[in-house]
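# An overview of the molecular structure
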Amino acid sequence: VDSYDVRVGEDLGDIVLVKIEKKKYWMQDDWYCRYVTVKTPDGDYVEFPCFRWLVDDKEVVLRDGRAFLPQDDKTSLVKQHRQKELDTRRKTIRWKEWQPGIPMSIDSNKHRDLPRDIQFDSDAGNLYIVDFEILEGISANCTDPQTVQYLAAPICLLYKGVQNKILPIAIQLGQNPDKNPIFLPTDGQYDWLLAKIWVRSADFQYHQNVTHLLRTHLITEVFAIAMFRQLPAVHPVFKLLIPHIRFTIAINTKAREQLICEHGIFDKANATGGGGHVQLIQKATKDLTFRSLCFPDAIKSRGVDSEEDLPTYFYRDDGYKVWDATKSFVSDVVSIYYNSDERVREDEEIQAFVKDACSFGMQDFDHCEFPKSLKSLDELIEYLTVVIFTASAQHAAVNFGQYDWCSWIPNAPSTMRKPPPQEKGLANVNTIIETLPDRGRSSWHLGAVWALSQYQENELYLGMYPDEHFIEKPVKAAMEKFRKKLSEITGFIKGRNEGKKLPYYNMSPDKIPNSVAV
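Worth saying up front: this structure is predicted, and the values here are computed from it rather than measured.

## Regarding the overall build of the chain
- When helices and strands are counted, the chain shows 15 helices and 10 strands.
- Relative to its full complement of 518 residues, the chain shows a buried share of 44%.
- Approximately 29,000 Å² of the chain is accessible, and the part contributed by carbon and sulfur atoms is 53%.
- Computing the positive centroid from 64 side-chain charges and the negative centroid from 73, the chain places the two 4 Å apart.

And the structure:
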């Protein structure tokens, strides 16, 4: 929102009409104009209301704010203006029969095809914001006295253009606007490049600590421990879940022993090492809810659920397919053993499993809203779907593409050696090189993301159950149905990816291990 002053040095006489012209810029730049106020030489103010969108290359001609009946317009100029406005509107707002025998409707099949002025205001679907406020106040790594390291908590505004590409259009490298200028694509080349690198570094810290470590590894371990403590091997839910927590407790223990421990790899390579990673995970845990682990809910809460607004968001599209297939499989299996909601409520072991995960695993945090009991079959199906999906598809999506995206150091710097700039016009190539991690930390970083992106030998992918915990034929039939559906999804994704410069396959079932094991 902004206002502009335009000063005129000559007397224009009585202002009858005001014309505003908009030229299309380098991106889709629809502009909503509220009004124009003219101050006369005598000090009077005349309002010319607009309240409409200027789209692409367009001009709009405005009359002052007084209302007139057509018979009260006296000059040919204002009469022509009145008629031209209606002629223009009639070209875009046309009658159409939707169905015979009912009132006519507008000639438009989709909301996005409507004239811009009559679309929903909230459908601005083109602007997205990434706010790393959670990084504010996190201690930067100070384990090496020879190298000062820095973190930032940037805010990045992104825009979806006509080619459906989402690009950054404004970046503020700290939460305080008084100390942090807003960097723009029109700034100096290196100012803008450095600002983007800072956003990518912040995103790397969030991705590794929150999206990856907390929301897949640690959460799956909660479910795994509760399962072992509360469900005997004969329980059908134990049999269902055991392939999906394979090696999870072991890999997490190894991580605490070698990766995220004091003097571990995190300390060697990452700006959140030396304890900052613990602070960050603690803050993120306060925002973690059970519903945020339900894939459809997570997508909707972030405002990225519309295929019309984001037609090429393959993580969402493939994730929906895998979520639905997993939920259908879980439903098929548990329905063999539970034929009513009452059977779920009467199962003291499943109730103890759920309560243990909440009361001990999540330490009974009120904010997390993890269920302490399950009252229906539907609730049980959703809960188990969350467990399996988090351990398999979600972990695969956030883990196995790390080398692809993070091996180019400027795209995911694990640390930064200079503070974020607070002035424009100071950055150059040397500034950027001196800010990026040094060779040693870059090497540790590359080794880590390469190792994390590797599949195990004899990997068991989603739907592969060589250990026959179930012997019942109906369960085996459900497994075969699950595998067939997953194969269809794999085929669809393979076909979609053909010919793409940047294929997306991290949610393809043939690349989703059953469990968090790396």
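## Some details on the UniProt feature "site: Essential for stabilizing binding to COTL1" (unreviewed entry) in the chain
- If you check UniProt for "site: Essential for stabilizing binding to COTL1" (unreviewed entry), the listed places come out as Trp 53 in our numbering.
- Tracing the sequence through the fold places Trp 53 in strand β3 (residues 45-54).
- Here Trp 53 falls in the buried class, since its relative accessible area comes to 16%.

## A word on the nonpolar core
- In terms of nonpolar packing, the biggest core is built from 102 residues, with Leu 240, Val 334, Phe 353, Phe 370, Leu 380, Tyr 383 and Leu 384 touching the most fellow members.
- When residues in this core are grouped by element, the largest group, 16 residues, is from helix α2 (residues 189-230).
- Those residues within four positions of Leu 384 in sequence are excluded, and the remaining contacts are Val 237, Leu 240, Leu 241, Val 330, Val 334 and Phe 353.
- Among the nonpolar cores identified, the runner-up in size contains nine residues, and Ile 20, Cys 50, Val 60 and Leu 62 belong to it.

## What to know about the domain arrangement of the chain
- Each assigned domain of the chain is listed here: domain 1 (1-67), domain 2 (81-120) and domain 3 (145-511).
- Here the C-alpha centroids of domain 1 and domain 3 sit 49 Å apart.

## Let's talk about unusual backbone geometry
- In the Ramachandran plot, Phe 247 falls in the positive-phi region, its phi being about 70° despite a non-glycine side chain.
- By the secondary structure assignment, Phe 247 is in the loop between α3 (236-241) and α4 (248-259).
- Residue His 263 is not a glycine yet carries a positive backbone phi of 70°.
- Along the chain, the position of His 263 falls in the loop between α4 and α5 (265-269).
- We classify His 263 as exposed; its relative accessible area is 59%.

## Description of a nonpolar patch on the surface
- On the surface, Val 6, Val 8 and Leu 12 cluster together to form a nonpolar patch covering roughly 310 Å² of accessible area.
- Taking the relative accessible area as the measure of exposure, Val 6 reaches 72% and is therefore exposed.

## Here's the deal with the packing of α2 against α4
- One can describe the packing of α2 onto α4 by two numbers: an axis separation of 9 Å at closest approach and a directional angle of 130°. Classed by the angle they form, the pair α2 and α4 counts as oblique. Crossing of α2 against α4: the hand is left-handed. Counted together, His 217, Leu 218, Thr 220, Glu 221, Ala 224, Ile 225 and Phe 228 of α2 and Thr 248, Ile 249, Ile 251, Asn 252 and Arg 256 of α4 form the full contact between these two elements.
- Across the contact of α2 with α4, the residue classes break down as six nonpolar, four polar and two charged.

## Quick notes on the pairing of β3
- Sheet analysis places strand β2 (residues 31-39) next to β3, joined by eight bridges and oriented antiparallel. Residue Trp 31 lies in a different strand from β3, and its bridge partner there is Leu 54.

## Observations concerning the sheet that holds strand β9 (residues 166-172)
- Here four strands make up an open sheet; going across it, the order is β7-β8-β9-β10 and the pairing antiparallel. In this open sheet, the two strands that pair with only one neighbour each are β7 (127-131) and β10 (182-183).
- Inspection of the sheet shows β9 paired to β10 by two bridges, in the antiparallel sense. Note on β10: the bridge partner recorded for Ile 171 is Phe 183.
- The strands that α2 touches are β8 (155-160), β9 and β10; relative to β9, the one it contacts most, it runs at about 95°.

## Things to note about the environment of Arg 496
- Of note, Arg 496 is situated in helix α15 (residues 473-497).
- Arg 496 gets classed as buried once you look at its relative accessible area, which sits at 16%.
- For the pair Arg 496 and Phe 314, spaced 182 residues apart in sequence, the C-alpha separation works out to 9.9 Å.
- Setting aside residues no more than four positions away along its own chain, Arg 496 makes contact with Phe 314, Asp 318 and Tyr 504.
- Engagement of the side chain of Arg 496 in a polar contact is seen with the backbone oxygen of Tyr 504, the distance being 3.0 Å.

## Structural notes on the pattern of salt bridges
- The full count for this structure, using the stated rule, is 25 salt bridges.
- The partner of Glu 488 in a salt bridge is Lys 485, with the nearest N and O atoms 3.8 Å apart. Of this pair, Glu 488 and Lys 485 are both found in helix α15, three residues apart, which corresponds to roughly one turn of the helix.
- Judged by its relative accessible area of 41%, Lys 485 falls in the partly exposed class.
- Through salt bridges with shared partners, a single ionic network connects Lys 19, Glu 21 and Glu 59.

## Here we look at the packing of α2 against helix α11 (residues 377-399)
- Running from N to C, α2 and α11 point in directions that differ by 145°, and their axes come no closer than 10 Å. By crossing handedness, the relation of α2 to α11 is classed as left-handed. Judged by residue contacts, His 207, Thr 211, His 212, Arg 215, Thr 216, His 217, Ile 219, Thr 220 and Phe 223 of α2 engage Tyr 383, Val 386, Val 387, Thr 390, Ala 391, Gln 394, His 395, Val 398 and Asn 399 from α11.
- Considering only residue class, the contact of α2 with α11 consists of seven nonpolar, 10 polar and one charged.

## A word on α4
- Listing the buried residues of α4 in full gives Thr 248, Asn 252 and Ala 255. Seen along its axis, α4 keeps its buried residues to an arc of 50°; they face one direction.
- Where α4 is buried, its residues meet α2.

## As for a negative patch on the surface
- Residues Glu 10, Asp 11, Asp 14, Asp 42 and Asp 44 make up a contiguous surface patch of negative charge.
- By secondary structure assignment, the location of Asp 14 is in the segment before β1 (17-22).

## Details of the packing of aromatic side chains
- If you walk through the whole model with that rule in mind, you get 18 aromatic pairs.
- Look at Phe 400 and Tyr 455: their rings are 4.1 Å apart centre to centre, the planes differ by 5°, and that puts the pair in the stacked class. Of the two residues, Phe 400 sits in the loop between α11 and α12 (402-406) while Tyr 455 sits in the loop between α14 (439-452) and α15, which places them 55 residues apart along the sequence.
- We classify Phe 400 as buried; its relative accessible area is 8%.
- Looking at Tyr 455, the relative accessible area reads 31%, which means it is partly exposed.
- A cation over a ring is seen here: Lys 511 above Tyr 505, with NZ or CZ 5.5 Å from the ring centre.

Cut-off values and rules
Residues numbered from 1 in each chain as written. Predicted model: local features only at pLDDT ≥ 70, side-chain atom pairs only at ≥ 80, totals over all residues. Heavy atoms only, no water. Helix = DSSP H or I, 4+ residues; strand = E, 2+ residues; numbered from the N terminus. Buried < 20%, exposed > 50% of the residue type's maximum accessible area, 1.4 Å probe, protein only. Areas by Shrake-Rupley, 256 points an atom, 1.4 Å probe, with all protein chains shown as cover. Lys, Arg positive; Asp, Glu negative; His and termini not counted. Charge placed at Lys NZ, Arg CZ, Asp CG, Glu CD. UniProt positions renumbered as here; feature names shortened; annotations may be inferred. Core = buried A, V, L, I, M, F, W, Y, C linked by side-chain atoms within 4.5 Å. Contact = heavy atoms within 4.5 Å. Domains from an automatic or database assignment. Patch = residues over 30% accessible without salt bridge, like charges linked within 9 Å, V, L, I, M, F, W, Y side chains within 5 Å. Salt bridge = Lys/Arg side-chain N within 4 Å of Asp/Glu carboxyl O. Axes fitted to C-alpha atoms, helices over the stretch in contact; angles between N-to-C directions. Parallel < 35°, antiparallel > 145°, perpendicular 65-115°, else oblique. Left-handed = near helix turned anticlockwise from the far one by under 90°. Nonpolar A, V, L, I, M, F, W, Y, C, P; charged D, E, K, R; others polar. Pairing = 2+ DSSP bridges. Polar contact = N/O pair within 3.5 Å; in protein donor to acceptor, adjacent residues only side chain to side chain. Arc of directions from axis to C-beta. Phe/Tyr/Trp six-rings, centres within 6.5 Å; stacked < 30°, edge-to-face > 60°. Lys NZ or Arg CZ within 6 Å of the ring centre and 35° of its normal.

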